[in-house]
Amino acid sequence: MIPLAKKSLGQNFLTDKPMIGKIMEAVSPKKESIILEIGPGRGALTLPLLESGCRLSCIELDRVLAEHWRSREALYPGFRCIEGDAVKLDWSPYLPCDICVGNIPYHISRPLMYKFFSYRRAIKEAVIMVQKEFAEKLLASPGDKAYGIVSVLTQCFCDPRYLFSVPPSVFSPPPKVTSACVRLTFKRTDTENDALLIRLVQTAFAQRRKVLTNSLKEFYDKDANDRELWLKRADGLRPEEYLALTREIAARS
Ligand code: SAM
């Protein structure tokens with residue numbers, strides 16, 4: 001018997017075959033691909049992934065669904081399902097991977113982005129379904145209302161691309177909001193200053209209306225290279241300017 005969808009776990013299952021086909025086209029799994037799926041649920045994406053012959057690891061929080069997939073591990077070589085919370089779990093045993101796939105519950109979109117940032121050198125790309133507003137945040141630029149911490153960090157650590165919108169009608173039960181399919185191509189650049197960059201961006205946006213000389217007092221040096229940059233506000237700085245500031249501060253310490 002199929003258990004009822006659990007709202008607390010964000011269980012809106014994809015049921016529309018053409019939409020599933022469109023998402024799989026975006027993922028484009030190959031036999032040699034190593035893939036990590038977050039939240040396989042009832043298998044809308046998991047089954048076509050397995051049919052491609054790829055090596056697939058899944059992380060599922062729902063005990064009953066995880067058990068269902070574990071009982072099928074022997075049917076597909078290179079397939080495993082881990083029961084656990086993808087936000088808390090250490091992903092290193094399932095990495096490196098080529099693609100991370102997920103029709104992600106809306107309430108864990110943000111913490112999962114931080115998870116992606118921390119593992120970005122071990123994942124080539126992610127194809128994820130998120131709430132449309134969240135997708136817009138990932139792609140927002142200075143001057144957009146949606147521009148914030150997650151926009152800056154996403155664009156510093158990845159090249160994000162909005163692929164297509166996903167209407168509520170393709171899910172069961174249908175969510176109240178429109179979703180979007182997004183591709184994140186991870187940048188493999190230096191990770192040495194990641195923690196500093198994250199702290200800098202979070203601190204700046206905590207007082208987003210103040211100029212950086214005030215909001216980032218603890219990082220400011222009056223002999224700073226680029227005075228003009230320091231006189232901007234958090235939401236006026238482009239991601240590459242945050243990277244430049246981070247490099248400047250790191251070089252000083
Ligand atoms: N992939 C399936 C589909 O597209 O139909 C299910 C998508 S449903 C939106 C989200 C899935 O993620 C559910 O199976 C849910 O149980 C699972 N899930 C929720 N929170 C999770 C977490 N923290 N870690 C891992 N899986 C989670």
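Residues numbered from 1 in each chain as written. Predicted model: local features only at pLDDT ≥ 70, side-chain atom pairs only at ≥ 80, totals over all residues. Heavy atoms only, no water.

*Asks:* How should the pattern of salt bridges be read in this particular structure?
*Replies:* Where charged atoms of side chains with opposite charge meet at close range, the side chains can pair. In this structure the tally under the stated criterion is 14 salt bridges. Between Glu-136 and Lys-132 there is a salt bridge, with the nearest N and O atoms lying 3.6 Å from each other. Of this pair, Glu-136 and Lys-132 both sit in helix 5 (residues 132-139), 4 residues apart, which is roughly one turn of the helix. Residue classification places Lys-132 among the partly exposed residues on the basis of a relative accessible area of 26%. Between Asp-235 and Arg-208 there is a salt bridge whose closest N-O contact spans 3.6 Å. (Salt bridge = Lys/Arg side-chain N within 4 Å of Asp/Glu carboxyl O. Helix = DSSP H or I, 4+ residues; strand = E, 2+ residues; numbered from the N terminus. Buried < 20%, exposed > 50% of the residue type's maximum accessible area, 1.4 Å probe, protein only.)

*Asks:* What is the right way to read the environment of Arg-233 from this model?
*Replies:* In this structure, Arg-233 sits in the loop between helix 9 (227-230) and helix 10 (239-252). Classification of Arg-233 by relative accessible area gives partly exposed; the value is 34%.

*Asks:* What exactly am I supposed to notice about the site of the ligand here?
*Replies:* Taken together, 22 residues form the shell around the ligand, and within it Gln-11, Leu-14, Gly-39, Glu-60 and Asp-85 come nearest. Contact between the ligand and Leu-61: a nitrogen atom at 3.3 Å from a main-chain N or O atom of the residue. Measuring from a nitrogen atom of the ligand, one finds a side-chain N or O atom of Asp-85 at 2.8 Å. The protein chains hide 98% of the 590 Å² of surface that the ligand would expose on its own. When residues of the shell around the ligand are traced back to their parent elements, those giving at least two are strand 1 (13-14) and strand 3 (55-60). In terms of residue class, the shell around the ligand is built from 11 nonpolar, 7 polar and 4 charged. (Near = heavy atom within 4 Å. Polar contact = N/O pair within 3.5 Å; in protein donor to acceptor, adjacent residues only side chain to side chain. Areas by Shrake-Rupley, 256 points an atom, 1.4 Å probe, with all protein chains shown as cover. Nonpolar A, V, L, I, M, F, W, Y, C, P; charged D, E, K, R; others polar.)

*Asks:* Please clarify how unusual backbone geometry should be interpreted in this entry.
*Replies:* With glycine set apart, most residues show a phi of negative sign, and most peptide bonds adopt trans. For the bond from Leu-95 to Pro-96, the omega torsion is 5 degrees, close enough to zero to count as cis. Note on placement: Pro-96 falls in the loop between strand 4 (79-83) and strand 5 (97-103). The amide bond that connects Ser-172 to the next residue, Pro-173, takes the cis arrangement and shows omega of -10 degrees. Looking at where Pro-173 falls in the secondary structure, it is placed in the loop between strand 8 (171-172) and strand 9 (179-186). Of note in this structure, Ser-28 is not a glycine but carries a positive phi near 50 degrees.

*Asks:* Just checking my understanding: could you explain the side chain of Glu-37 for this structure?
*Replies:* Among the secondary structure elements, Glu-37 is positioned in strand 2 (residues 34-38). Here Glu-37 occupies a buried position and makes no salt bridge, while the nearest side chain of opposite charge, Arg-80, is found at 12 Å. In contact with Glu-37, not counting residues within four places along its chain, are Leu-45, Thr-46, Leu-49, Leu-56, Ser-57, Cys-58, Ile-59 and Val-101. (Lys, Arg positive; Asp, Glu negative; His and termini not counted. Contact = heavy atoms within 4.5 Å.)

*Asks:* Looking at this model, I keep getting lost on the packing of helix 4 (residues 109-118) against helix 6 (residues 149-157). Mind explaining?
*Replies:* Packed helices, taken two at a time, are described by the angle their axes make and the gap between the axes. Viewed as axis vectors pointing N to C, helix 4 and helix 6 meet at an angle of 25 degrees, and their least axial separation amounts to 11 Å. The angle between helix 4 and helix 6 places the two elements in the roughly parallel class. Two packed elements cross with a definite hand, and for helix 4 against helix 6 that hand is left-handed. Judged by residue contacts, Arg-110, Met-113, Tyr-114 and Phe-117 of helix 4 engage Ile-149, Val-150, Leu-153, Thr-154 and Phe-157 from helix 6. Split by residue class, the contact of helix 4 with helix 6 holds 7 nonpolar, 1 polar and 1 charged. (Axes fitted to C-alpha atoms, helices over the stretch in contact; angles between N-to-C directions. Parallel < 35°, antiparallel > 145°, perpendicular 65-115°, else oblique. Left-handed = near helix turned anticlockwise from the far one by under 90°.)

Purely spatial values, then, with no claim about function.
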